[in-house]
Amino acid sequence: MKLLKFRATGFRSVTDSEWIEASDVTALIGENEAGKTNLLLPLWKLNPSSGGEINILDDMPRGRYAEMRARPASHRFIYCIFELDEQERALAERFGAKPNNCERITVRRNYAGQYGIDFTDDPGFSIIEAYEQKEVDASEEDQ
């Protein structure tokens, strides 16, 4: 998978970053305390290598904390669009994705720590539901 672009929303001082294109070399330039780290932290919290727990008190915007803390699952803070490689697309096709609609996925995470995954070109197809259905089909064959 290759990150194509990302968007941070409702994270610390970032209301909505809009889509930020990512390439092989991406630089964030700005004055100290301008919010560069607050753009990168949600991206890291999408899939941290270590640590990176979501801390609602620190990570939610201060001005919206009272509103957001009661329903953390309703508030997504990071969206990423990834391009799948050939092997990943073939795997998606095995689970029922249409060949022309499985080149990119959108991955998102909310403050409850839950993930959402959609095919960017076919949001109606759920790879998670397709995978779970294949598991059910396989277990029925074992009986």
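See above for the structure.
The rules behind each value
- Each chain has its residues counted from 1, following the order in which its sequence is written.
- Local features in a predicted model are, by the rule used here, given only for residues with pLDDT of at least 70; side-chain atom pairs are given and counted only at 80 or more, and totals for whole chains, interfaces and linings are based on all residues.
- Hydrogen atoms and water are omitted, and side-chain values are computed over all heavy atoms in the structure.
- Here a strand is any run of E in DSSP of at least two residues, a helix any run of H or I of at least four, and the numbering for each starts at the N terminus.
- Working definition: with a 1.4 Å probe on protein chains only, accessible area under 20% of the residue-type maximum means buried, over 50% means exposed, and in between means partly exposed.
- For this analysis, residues touch if any pair of their heavy atoms sits within 4.5 Å.
- Throughout, the Shrake-Rupley method with a 1.4 Å probe supplies accessible areas, and for residues the shown protein chains are the sole cover considered.
- Charge assignment in this entry is limited to Lys and Arg as positive and Asp and Glu as negative, and neither His nor the chain termini are counted.
- A single reference atom marks each charge: NZ on Lys, CZ on Arg, CG on Asp, CD on Glu.
- Here a polar contact means two N or O atoms within 3.5 Å. Within protein one must be a hydrogen donor candidate and the other an acceptor candidate, and residues neighboring in sequence count only if both atoms are side-chain atoms.
- What makes a salt bridge here is a side-chain nitrogen of Lys or Arg within 4 Å of a carboxyl oxygen of Asp or Glu, nothing more.
- Here the arc refers to the set of directions running from the helix axis out to each C-beta atom.
- Patch members must show over 30% relative accessible area and no salt bridge, and they are joined within 9 Å when carrying like charges or within 5 Å when they are nonpolar side chains of Val, Leu, Ile, Met, Phe, Trp or Tyr.

Enquirer: How do you make sense of the overall build of the protein chain when you look at a structure like this?
Expert: The secondary structure content of the protein chain amounts to five helices and six strands. Each principal axis of the C-alpha atoms in the protein chain carries an extent, and together these give about 60 × 35 × 30 Å. For the protein chain, with 143 residues in total, the buried portion stands at 32%. Restricting to contacts in the protein chain with at least 6 residues of sequence separation, those with at least 24 account for 56%. Surface accessibility of the protein chain: about 9,400 Å² in total, with carbon and sulfur atoms responsible for 47%. A distance of 7 Å separates the average location of the 18 positive side-chain charges in the protein chain from that of its 26 negative side-chain charges.

Enquirer: Looking at this structure, I do not really get helix 4 (residues 86-94). What am I missing?
Expert: Because each turn of an α-helix spans 3.6 residues, side chains separated by three or four positions end up pointing in the same direction. Sitting at the amino-terminal end of helix 4 is Asp85, which places a side-chain oxygen 3.1 Å from the backbone nitrogen of Gln87. Of the residues trailing helix 4, Gly96 is marked for its positive phi of about 110°.

Enquirer: How do you make sense of the pattern of salt bridges when you look at a structure like this?
Expert: Between side chains of opposite charge, a pair can form when the charged atoms approach closely. Counted by the stated rule, this structure contains eight salt bridges. Among the ionic pairs, Glu67 bridges to Arg64, the shortest N-O distance being 2.9 Å. For Arg64, a relative accessible area of 34% translates into the label partly exposed. Of the charged contacts in the structure, one is a salt bridge between Asp118 and Arg108, with a shortest N-O distance of 2.7 Å. Remark: Arg108 occurs in strand 5 (residues 104-110) and Asp118 occurs in strand 6 (residues 115-119); sequence separation between them is 10 residues. Here the salt bridges share partners, and the residues they tie into one network are Arg7, Asp16 and Glu18.

Enquirer: Just checking my understanding: could you explain helix 1 (residues 36-46) for this structure?
Expert: Taken as a whole, helix 1 has its buried residues at Asn38, Leu39, Leu41, Pro42, Lys45 and Leu46. Viewed along the axis of helix 1, the buried residues span an arc of 165°, placing them on a single side of the element.

Enquirer: Sorry if this is basic, but what is going on with a negative patch on the surface here?
Expert: On the surface, Glu83, Asp85, Glu86 and Glu103 cluster together into a patch of negative charge. Position of Asp85 among the secondary structure elements: in the loop between strand 4 (76-83) and helix 4. What makes Asp85 partly exposed here is its relative accessible area of 35%.

Enquirer: What exactly am I supposed to notice about unusual backbone geometry here?
Expert: Apart from glycine, the bulk of residues carry a negative phi angle, and the bulk of peptide bonds sit in the trans form. Phi is positive for Arg12, close to 50°, though the residue is something other than glycine. The residue Arg12 is located in the loop between strand 1 (2-11) and strand 2 (14-16) in this model. Among the residues examined, Arg12 registers a relative accessible area of 29% and is labelled partly exposed. Even without being glycine, Glu18 reaches a positive phi, approximately 65°. Accessibility expressed as a relative area gives 45% for Glu18, which makes it partly exposed.

Enquirer: What is the right way to read the environment of Ala97 from this model?
Expert: Here Ala97 shows up in the loop between helix 4 and strand 5. Ala97 sits in the buried class, given a relative accessible area of 7%.

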